[in-house]
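Tertiary structure, described
Listed below are the residues making up each chain.
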Amino acid sequence: MIHVITSANRGLYREELHEHFRIRHDIYVGERGWKALERADGLERDQFDTDDAIYILGIDGGRVVAGSRLVPTVKPHLLSEIFPHLAAQRGVPRDPAVFEWTRIFVIKERREGRNSGRTAGLVMCGLLEFCLDQGIEALTAIMETWWLPRFHDMGWTLHPLGLPELIDGSWTVAVMMPMNEATLDTTRAFHSITAPVLIQKGPLRPAVTEVLS
Ligand code: A1S
């Protein structure tokens, strides 16, 4: 199932969070070859893995199988600090109801291809459920353009924030994606998911109101 981890319930998930940073290093540094993220401790963490970061993790039988990160756009985030030029046309959104989505992964054994992708689909449904529950109205993301048909097939709306650029050999674009019930419905239908998938254990931290204070 899909679990949400914030600074409020992090104590319940110490091992899983550590495992997730280790898997991120394996995948982003080892598999994807993003050497700028390499760290001697073998844990991929950057300056945006702060107390404000929210993690949506797929955990199966105590094992982390998938993950994603949300960061409030009113705080420093990847688009505002590193890639603002990708939002040259519409500007970098900074809004308490808009979060930046980064670091989606599925471990290799659970990858299933674009037309099924059930584990990835569970993460996306969990993410949508969390956003709707917390009043998060949209996500921003920086993505390689191969994602575009995939989101189109799932019925998502994507608003480009600027023109695509070639980054490390991949065409990359920044987008804003509204989060709403219709998108949750079409994403569930695409992945044949019929019920809520998100588990919220322990104290909850209201995502939107918290960053306002
Ligand atoms: C963060 C972006 C934001 C959204 C947050 O038609 P198909 O079935 O062949 O399509 C496949 C692949 O071709 C395509 N695909 C995956 N990785 C690709 C790549 N590096 N370049 C070009 N195309 C790529 O996506 C379809 C499905 O891929 P999959 O791996 O078989 O299955 P699954 O289960 O849907 O998992 C997709 C993800 C992206 C989660 C998985 O491949 C993964 O964890 N990759 C490593 C982490 C990663 O690159 N994350 C994106 C960070 S940008």
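To be clear, the structure that these remarks concern was listed above.
An account of the accompanying structure is given in this report. (Residues numbered from 1 in each chain as written. Predicted model: local features only at pLDDT ≥ 70, side-chain atom pairs only at ≥ 80, totals over all residues. Heavy atoms only, no water.)

Going through the model one piece at a time under the given rule, you end up with two cavities of 30 Å³ or more. Estimates place the volume of the largest cavity at around 40 Å³. Taken together, V4, T6, N9, F130, Q134, Q200, L204 and R205 make up the lining of the largest cavity. Tallied by class, residues from the lining of the largest cavity come to three nonpolar, four polar and one charged. (1 Å grid on protein atoms, 1.4 Å probe; cavity = no way out; pocket = protein on both sides within 12 Å on 5 of 7 lines; lining within 4 Å. Points joined across faces, edges and corners; volume = space filled by probe spheres on them. Nonpolar A, V, L, I, M, F, W, Y, C, P; charged D, E, K, R; others polar.)

Burial of strand β1 (residues 2–5) is two-sided: the residues I2 and V4 facing one way and the residues H3 and I5 facing the other way are all buried. Bridge count between β1 and strand β2 (residues 54–60): four bridges; the pairing is antiparallel. Bridging across to β2, H3 finds its partner in L57. As judged from the two bridges shared by β1 and strand β9 (residues 198–199), these two strands associate in the parallel manner. Counted as the bridge partner of I2 is L198 from β9. (Buried < 20%, exposed > 50% of the residue type's maximum accessible area, 1.4 Å probe, protein only. Helix = DSSP H or I, 4+ residues; strand = E, 2+ residues; numbered from the N terminus. Pairing = 2+ DSSP bridges.)

Another point: the pattern of salt bridges. Scanning the entire structure with this criterion turns up 16 salt bridges. Its salt-bridge partner being E44, residue R103 comes within 2.8 Å of it at the nearest N-O pair. Pair noted here: R103 is in strand β4 (residues 98–106) and E44 is in the loop between α1 (14–31) and β2, with a separation of 59 residues, a long-range link. Taking relative accessible area as the criterion, R103 reaches 11% and is therefore assigned buried. Under the relative-accessibility criterion, E44 is labelled buried at 0%. D46 serves as the salt-bridge partner of R69, at 2.8 Å between the closest nitrogen and oxygen. Separated by 23 residues along the polypeptide, R69 in strand β3 (residues 63–72) and D46 in the loop between α1 and β2 bring together distant segments of the chain. Pair check on accessibility: R69 and D46 agree, each one buried. Linked by salt bridges that have partners in common, R24, E44, D46, D49, R69 and R103 make up one network. (Salt bridge = Lys/Arg side-chain N within 4 Å of Asp/Glu carboxyl O.)

Glancing now at the nonpolar core. Most often, soluble globular proteins keep nonpolar side chains buried together rather than apart. Counting residues in hydrophobic clusters, the biggest one holds 43 residues, and the most contacted among them are W101, L139, W156 and M177. Per-element tally for this core: the top contributor is helix α3 (residues 118–134), with eight residues. With near-sequence residues (within four places) excluded, M177 lies in contact with W101, E137, A138, L139, T140, A141, M143, W156, T157 and L158. Within the second largest apolar cluster, twelve residues are counted, among which are L17, F48, L57 and I59. (Core = buried A, V, L, I, M, F, W, Y, C linked by side-chain atoms within 4.5 Å. Contact = heavy atoms within 4.5 Å.)

So far we have only geometry, and geometry alone does not tell us how the molecule works.
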